[in-house]
Amino acid sequence: MKNRWNRREFLQKTSAATLAALAASAPMPSLLSSCKSKLVGQTNGTADTVILLWMAGGMAHTETFDPKRYTAFEKGMEGNRVLSTFKPIPTVLDGINFSEGLQSIGKVMDKGTLIRSYVAADMGHILHSRHQYHWHTCYEPPQTVAAPHMGAWIAKELGPKNPVIPAFIDIGQRFTVGEAEELKAFHTAGFLGNEFGPFFIPDPSQGLESVRPPVGMDAKRFERRNQLYNDLISNSPVGEFGSDYQKESLKRSMEQAYMLLNSPEAKAFNLTTEPKESYDIYNTGRFGLGCLLAKRLTEQGARFISVTTEYEPFFGWDTHENGHTRLVDMKKQIDGPIAQLVKDLDKSGHLDRTLIVLASEFSRDMMVEGRPEAKVQEQVKQPEILDDIKFYGMHRHFTDGCSMLMFGGGIKKGFVYGKTADERPCKTIENPVKIDGIHQTIYHALGIPPDTQYEIEKRPFYTTPDGKGKAVMDLLA
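Residues numbered from 1 in each chain as written. Predicted model: local features only at pLDDT ≥ 70, side-chain atom pairs only at ≥ 80, totals over all residues. Heavy atoms only, no water.

Re the packing of helix α10 (residues 286–299) against helix α11 (residues 323–348)
Helix packing geometry: the angle between the two helix axes and the distance between the axes. The contact between α10 and α11 brings their axes to 8 Å, and the two run at 15°. With respect to α11, the element α10 is oriented roughly parallel. As for how α10 packs across α11, the hand of that crossing is right-handed. Contacts between α10 and α11 involve F287, G288, C291, K295, T298 and E299 from the first element and Q333, I334, P337, I338, L341, D344, L345 and S348 from the second. Among the residues making up the contact of α10 with α11, the classes are represented as 7 nonpolar, 4 polar and 3 charged. (Axes fitted to C-alpha atoms, helices over the stretch in contact; angles between N-to-C directions. Helix = DSSP H or I, 4+ residues; strand = E, 2+ residues; numbered from the N terminus. Parallel < 35°, antiparallel > 145°, perpendicular 65-115°, else oblique. Left-handed = near helix turned anticlockwise from the far one by under 90°. Contact = heavy atoms within 4.5 Å. Nonpolar A, V, L, I, M, F, W, Y, C, P; charged D, E, K, R; others polar.)

Quick look at the structure:
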């Protein structure tokens, strides 16, 4: 079993990696890196934009996109009997069911692919932030350098699709709740530089505030403050520890934000201009409005957009109790907006070149923590006999069978990949997929070569560890 990293150790290591990244000089492209790769001619992209719909907190596959035998709640029932707490409902695909509450997404599955065999990594004692770090960067923490987020790699390799729209936009993630510092560790461009990092929009309903001066500040005053900000860089940790490359990268990121402020494209952030009929479908909360903003930004030329349900311990998908009742609400938040996002982009002609990915860090089960052959320390008290409905639902962290969805951008339509067992443990039994395969599939769709690398600390650093990740070609049309 691997080391049982705790949060303090995780933060210590990732903080050290961040300082190392600040001090690093410009990443040196190798002979096979980026557009200089000899494989460029073999990787013609089918997508220009990626939208990541992040189900933060651990979305149970048997309660969402891979339902098993339904068992209704009865006081005094055996917990081991329960595989799914929602009835299965048909989708547009023959013989393929989703769980109750996901009817709208089920109706658009003829436009996408369902993956039922994602397997999360074994990293010992399970911490959400570590598995989220792994999913978003493809590297297991801690690292000696700050690993770039997938969105940062895409921003670096392809650049902005529209020069005034930030290439990497993150919608819905706040750092004022939950494990803020741990989440910051992977919401970064790492050694690639700040200009390739995320443009944060914590609340999509206030997205317009992200691209205009504060109330009471005119444009000239804002310009003066922008100049002052550049002066302050030299007195910040970047100024003290950062290399010239990192300092210039940070300045360029601010210049891009200033350019957006004065552009016509800034109107995309104003959700009040959306027709009421459309707005009402998306208006299920911050995530739903995030999907609406993602649609509008995609139409304006965004490159990579992440929309998250947000990770906050014991809220959202983090169902340590009240699993069933919590998911009733979560499904209401995501079902209509995700389906409408797919339909709207399809109608506008953008879906063919936009890859939508829905994923979570791992799944959940009532009885198994980790995976059957690699169980880890129990974190949830789950009685064998259920006398209270709060124990009815999936609570433990399960890593051996997770569901994902993909739409558009060259992905097969109406396709199902992989399979999990119908009885507990509901683990992957056909076509397992790991994170390096997911990353390389996305990069392949974008035309980013699999051998993309930069020289950091006198060694190559690839988009996937050691450059060994391979795209899952069966997912591509």
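Describing the sheet that holds strand β2 (residues 49–54)
With mixed pairing, the 8 strands of this open sheet are ordered in space as β8-β7-β9-β2-β10-β16-β6-β17. Of all strands in the sheet, those bounded by a partner on one side alone are β8 (199–201) and β17 (415–417). In this sheet, neighbouring strand axes are inclined to one another by 15° on average, regardless of whether the strands run parallel or antiparallel. Where strand β7 (residues 168–171) meets β8, 3 bridges bridge the pair, whose relative direction is parallel. (Pairing = 2+ DSSP bridges.)

Focus: helix α4 (residues 150–158)
Across the 9 residues of α4, 7 count as buried, placing the element largely inside the fold. If you check which residues of α4 are buried, you get M150, G151, A152, W153, I154, A155 and E157. Directly after α4, the chain includes G159, whose backbone phi takes a positive value near 70°. (Buried < 20%, exposed > 50% of the residue type's maximum accessible area, 1.4 Å probe, protein only.)

Quick notes on α10
With 14 residues, α10 should cover 20 Å at 1.5 Å per step; its first-to-last C-alpha distance of 20 Å lies within 8% of that length. Of all 14 residues that make up α10, 12 are buried, and the element is covered over most of its length. Among all positions in α10, only F287, G288, L289, G290, C291, L292, L293, A294, K295, R296, L297 and T298 are buried. Count one or two residues on from α10 and you reach G301, which has phi positive near 105°. (Expected span 1.5 Å × (residues − 1).)

A word on the packing of α4 against helix α12 (residues 435–446)
Put simply, α4 and α12 touch, their axes get as near as 12 Å, and they point 25° apart. As summarised for this structure, α4 and α12 are arranged roughly parallel, according to the angle between their axes. The handedness of the crossing between α4 and α12 is right-handed. In this structure, α4 uses M150, W153, I154 and L158 to contact α12, whose residues at the interface are H439, I442, Y443 and L446. Here the residues of the contact of α4 with α12 are counted per class, giving 7 nonpolar, 1 polar and no charged.

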